[in-house]
Amino acid sequence: MPFSTIIGHDKPLAILRRALGKDRLPHAYLFLGPEGVGKKTVALALARAIQCEESASDFCGRCANCMRVTNRNHPDVRVLEPASGKKEISIQQVRDLERELSLKPFSGRRKIAVVDPARLMNTPAQNALLKTLEEPPRDSLIILISTSTGGLLPTLISRCVRLSFTPLAVDVVAELLVARKGMRQEQARFLAGLSMGSPGRALSAELELLVERRRVWLEKICSLGAGDYQAAMAVGGELAAEKEESLRFLEWAQGWYRDIMVYAIQKNSDRILNPDCEEVIRQQANRYSLERLLLLRSRAARTAARIQRNVNRRLALENFFIQTLRMS
Ligand SMILES: [Zn+2]
């Protein structure tokens, strides 16, 4: 079960494999990318490759060390998450981790900690981890996993080597669902499209809920009448309440405008990401020109990037909706 069995993420994997091959791994990585896209899968693959008894730069998946990482009981590999029933990773958890990292590896080559999701460390916990990163114990590796740098101390970020993970192609996620879950092609494509290139999301129990929320928001955009600025601002304000929801919506919006564009060009729903909304997409295809759809799609992407940088969400979303109305 070597690195080559991991689907997608060629670029971060190449970087990691090079560092591993030259034995020049840093003390800390920050894996950044959308939810459920495979960051933790790669982190655990790296942990296996470091501890594997069979290979120095890859992993076999069968030796005792590889199996222990898979079963989450390797003494030198810790996955730090909020304790059960808690919403945060506490300073005590980080202190315990610090102590563990300072010990010699028990049966592997390094002590490894995967913090997932890193933004759930509260500020005292992040400060404690920062101290560890300022004087990292020998033979230790910390991998922070996060959807964005928001909520993480800049000083903590600056101590880590950043690696970006991007969504997988819809076809790739669909293939994965067919191979791993035995789904029918059609169903797999539908879920893969809605997951926006995230296998974790496509397989999550929450997907059904997300499918419904996506429909509600997309219908809201479509129902905004020309010049109805007050309604546009109200929708923007409502959406701004939660950062994650805002970002998810803007991702959906990009897929939505893409679908309308695809429909306008090929006049059928073969390759659309939202096949359950085909009728609305067909109607919308008559509403916009291709140039406008391209512009709307890039506006959604730009608004998401601004929100990631923690600008005023409400203003950013109100702007986005007003521009949408101007262009319809
Ligand atoms: Zn192995």
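Calculation notes
- What you see as residue numbers is a count from 1 along each chain, following the sequence as written.
- Predicted model: local features are reported for residues with pLDDT of at least 70 only, side-chain atom pairs are reported and counted for 80 or more only, and whole-chain, interface and lining totals are derived from all residues.
- With hydrogens and water set aside, each side-chain value is computed from the structure's full complement of heavy atoms.
- An automatic or database domain assignment provides the domain bounds reported here.
- The contact criterion used is simple: two residues touch if any of their non-hydrogen atoms lie within 4.5 Å.
- Buried surface area refers to the total accessible area, computed with a probe of radius 1.4 Å, that the two partners give up upon joining, counted for both partners together.
- Basic side-chain nitrogens of Lys or Arg form a salt bridge, by our definition, when they fall within 4 Å of a carboxyl oxygen of Asp or Glu.
- We call two N or O atoms a polar contact when they sit within 3.5 Å, provided that within protein one can donate a hydrogen and the other can accept it, with sequence-adjacent residues counted only if both atoms are side-chain atoms.
- Gly falls in the polar group here, along with every residue not listed as nonpolar (Ala, Val, Leu, Ile, Met, Phe, Trp, Tyr, Cys, Pro) or charged (Asp, Glu, Lys, Arg).
- Paired strands, in this sense, are two strands between which DSSP finds at least two bridges.
- Elements are defined by DSSP. Helices are runs of H or I of four residues or more, strands are runs of E of two residues or more, and each kind is numbered from the N terminus.
- Note on geometry: axes are C-alpha line fits, over the in-contact stretch for helices, and angles between N-to-C directions span 0 to 180 degrees.
- Only protein chains enter the accessibility calculation, which uses a 1.4 Å probe; a residue is then buried when its area is under 20% of its type maximum, exposed when over 50%, and partly exposed in between.
- Clockwise travel from the first strand over the helix to the second, with the strands pointing away from the viewer, marks a crossover as right-handed.
- The length a helix should cover is 1.5 Å for every residue beyond the first.
- The term nonpolar core refers to a set of buried residues drawn from Ala, Val, Leu, Ile, Met, Phe, Trp, Tyr and Cys, joined through side-chain atoms within 4.5 Å.

**A short note on the domain arrangement of the chain**
By domain assignment, the chain separates into domain 1 (3-164) and domain 2 (205-327). The gap between the C-alpha centroids of domain 1 and domain 2 is 35 Å. Contact with domain 1, which involves five residues of that partner, is made by five residues of domain 2. Taken as a group, E35, S148 and G150 account for 62% of the area that domain 1 buries against domain 2, more than any other trio of residues on that side. Here domain 1 and domain 2 share two salt bridges between them. Note that E244 is salt-bridged to R119, the shortest N-O span being 4.0 Å. Applying the counting rule to domain 1 against domain 2 returns one residue pair in polar contact (both at pLDDT 80 or more). Among the residues making up the side of domain 1 that touches domain 2, the classes are represented as no nonpolar, three polar and two charged.

**Observations regarding the pattern of salt bridges**
Considering all chains together, one arrives at 18 salt bridges under this definition. Across the pair R138 and D139 runs a salt bridge, and its minimum N-O distance is 3.8 Å. Among the ionic contacts, a cluster of salt bridges with common partners joins E35, R213, E245 and R248.

**Concerning the sheet that holds strand β3 (residues 111-115)**
If you trace the five strands from one edge of the open sheet to the other, you get β2-β3-β4-β1-β5, paired in parallel fashion. The outermost strands of the open sheet, each flanked by one partner alone, are β2 (77-80) and β5 (161-164). For this sheet, the mean inter-axis angle between neighbouring strands, taken without regard to orientation, is 20 degrees. Relative to β3, β2 runs parallel, the two being bridged by four bridges. By the bridge assignment for β3, R78 is matched with A113. In the packing of helix α1 (residues 10-21) onto the sheet, contacts are made with β1 (28-32) and β5, and the angle to β5 comes to roughly 145 degrees. Here helix α2 (residues 39-51) sits on the sheet in contact with β1, β2, β3 and β4 (140-146), set at roughly 170 degrees to β4.

**What about unusual backbone geometry?**
Backbone torsion omega between D116 and P117 reads -10 degrees, so that peptide bond is classified as cis. Within the fold, P117 resides in the loop between β3 and α5 (123-134). At D139, a position not held by glycine, the phi torsion is positive, near 55 degrees. If you trace the backbone, D139 turns up in the loop between α5 and β4. With a phi angle near 60 degrees, K267 is a residue other than glycine that sits in the positive phi range. Here K267 lies in the loop between α12 (243-266) and α13 (278-285).

**With respect to the pairing of β4**
Of all seven residues making up β4, seven are buried, and the element is well covered by its neighbours. Side chains S140, I142, L144 and S146 of β4 all project onto a buried face; the interleaved residues L141, I143 and I145 project onto the opposite face, where all are buried too. Relative to β4, β1 runs parallel, the two being bridged by five bridges. Bridge pairing in β4 places Y29 opposite I143. This β-α-β element, β3 to α5 to β4, shows right-handed connectivity.

**Notes on helix α14 (residues 290-308)**
The end-to-end C-alpha distance of α14 is 27 Å, a good match for the 27 Å that 19 residues give at a rise of 1.5 Å each. Where the residues of α14 are buried, they touch α12 and α15 (313-327). One or two positions beyond α14, positive phi appears at N310, with a value near 65 degrees.

**Quick look at the side chain of Q51**
The topology assignment puts Q51 in helix α2. A residue is classified by how much of its surface remains accessible, and Q51, at 2% relative accessible area, is buried. Beyond its immediate stretch of four places on either side in the chain, Q51 contacts N65, H74, D76, V77, G108, R109, R110 and I112.

**Overview of the nonpolar core**
Grouped together as the largest cluster of nonpolar side chains are 53 residues, with contacts concentrated most on L177, F249, L250, W256, Y257, F320 and F321. Breaking this core down by element, the ones donating at least two residues are α7 (170-181), α8 (185-194), α10 (207-223), α11 (229-239), α12, α13, α14 and α15. Dropping the residues within four chain positions of it, Y257 is found in contact with I221, L293, L296, R297, F320 and T324. Counting residues in each nonpolar core, the second largest holds 33 residues, with F3, V37, A49 and I50 among its members.

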